[in-house]
Amino acid sequence: SSSSPSPPALSGGCASFTLTADTELHGTGGLVGTVSSGGDFGTCCEECVSTSGCDGFVEYHGTCYLKSGELTMAPLEGRNAFVLMPSPPPPPAPP
């Protein structure tokens, strides 16, 4: 059975994000912060996760732009779009 190659797994704080290369994100909630990544996506992932309202971010030229709200993608060369995946619902509490 031939399986298509899966995208590179993001580790650490980025494990809950999906990455789309050459893509810009537009959020209905606007910009909720900027982070200097210095080429380390992990910094941005952790910042987004800990920022209230951050639903994803775009990395461009060493800076991450944290976006909020309903995110729409647009092709744009040189940008890396990270979208926070919805977390699984918590298990039901024991009776």
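Below you will find a few notes about this structure. (Residues numbered from 1 in each chain as written. Predicted model: local features only at pLDDT ≥ 70, side-chain atom pairs only at ≥ 80, totals over all residues. Heavy atoms only, no water.)

Re the overall build of the chain
Helix and strand counts for the chain come out as one helix and five strands. In sequence order, the secondary structure elements of the chain are arranged as β-β-α-β-β-β. With 95 residues in all, the chain has 28% of them scored as buried. If you take every contact in the chain between residues at least 6 apart in sequence, the share linking residues at least 24 apart comes to 67%. Put simply, the chain shows about 6,000 Å² of open surface, and 57% of that area lies on carbon and sulfur atoms. (Helix = DSSP H or I, 4+ residues; strand = E, 2+ residues; numbered from the N terminus. Buried < 20%, exposed > 50% of the residue type's maximum accessible area, 1.4 Å probe, protein only. Contact = heavy atoms within 4.5 Å. Areas by Shrake-Rupley, 256 points an atom, 1.4 Å probe, with all protein chains shown as cover.)

Considerations on the pairing of strand β3 (residues 54-60)
For β3, a buried count of five out of seven residues is recorded, marking the element as mostly surrounded by other parts of the structure. Where β3 meets strand β4 (residues 63-68), six bridges bridge the pair, whose relative direction is antiparallel. Residue Cys54 lies in a different strand from β4, and its bridge partner there is Ser68. The antiparallel pairing of β3 with β4 creates a hairpin that spans two residues between the two strands, and His61 there sits at a positive phi of about 50 degrees. Relative to strand β5 (residues 71-84), β3 runs antiparallel, the two sharing four bridges. Residue pairing for β5: Phe57 is matched across the bridge by Phe82. (Pairing = 2+ DSSP bridges.)

Quick notes on the sheet that holds strand β1 (residues 17-27)
The strand order β1-β5-β3-β4-β2 describes an open sheet built from five strands, whose pairing is antiparallel. In this open sheet, the two strands that pair with only one neighbour each are β1 and β2 (30-36). Taken pair by pair, the neighbouring strands of this sheet meet at an average axis angle of 40 degrees, ignoring direction. Its contacts with the sheet place helix α1 (residues 41-50) against β1, β2, β3, β4 and β5, and it is angled at close to 155 degrees to β3. (Axes fitted to C-alpha atoms, helices over the stretch in contact; angles between N-to-C directions.)

Some words on the nonpolar core
Residues Cys14, Phe17, Val35, Cys44, Cys45, Cys48, Cys54, Phe57, Cys64, Leu66 and Phe82 constitute the largest nonpolar core, which totals 11 residues. For this core, the elements supplying multiple residues, two or more each, are α1, β3 and β4. Ranked by residue count, the leading element in this core is α1, at three residues. Formed by five residues, the second largest nonpolar core is a distinct cluster that contains Val58, Leu71, Ala81 and Val83. (Core = buried A, V, L, I, M, F, W, Y, C linked by side-chain atoms within 4.5 Å.)

Observations regarding the state of the cysteines
Here the structure, examined in full by the defined rule, presents three disulfides. Sulfur-sulfur distance for the disulfide between Cys14 and Cys45 comes to 2.0 Å. Disulfide Cys14 to Cys45: torsion about the S-S bond roughly 95 degrees, handedness right-handed. On the criterion of sequence distance, the pair formed by Cys14 in the segment before β1 and Cys45 in helix α1 is long-range, its members being 31 residues apart. Residue Cys14 is classed as buried on the basis of its relative accessible area of 4%. Look at Cys45 and you get buried, because its relative accessible area is 0%. A sulfur-sulfur distance of 2.1 Å marks the disulfide that ties Cys44 to Cys64. Taking the torsion about the sulfur-sulfur bond, which here is approximately 75 degrees, the covalent link between Cys44 and Cys64 counts as right-handed. Taken together, the residues span a long stretch of sequence, with Cys44 in helix α1 and Cys64 in strand β4 at a distance of 20 residues. (Disulfide = S-S within 2.5 Å.)

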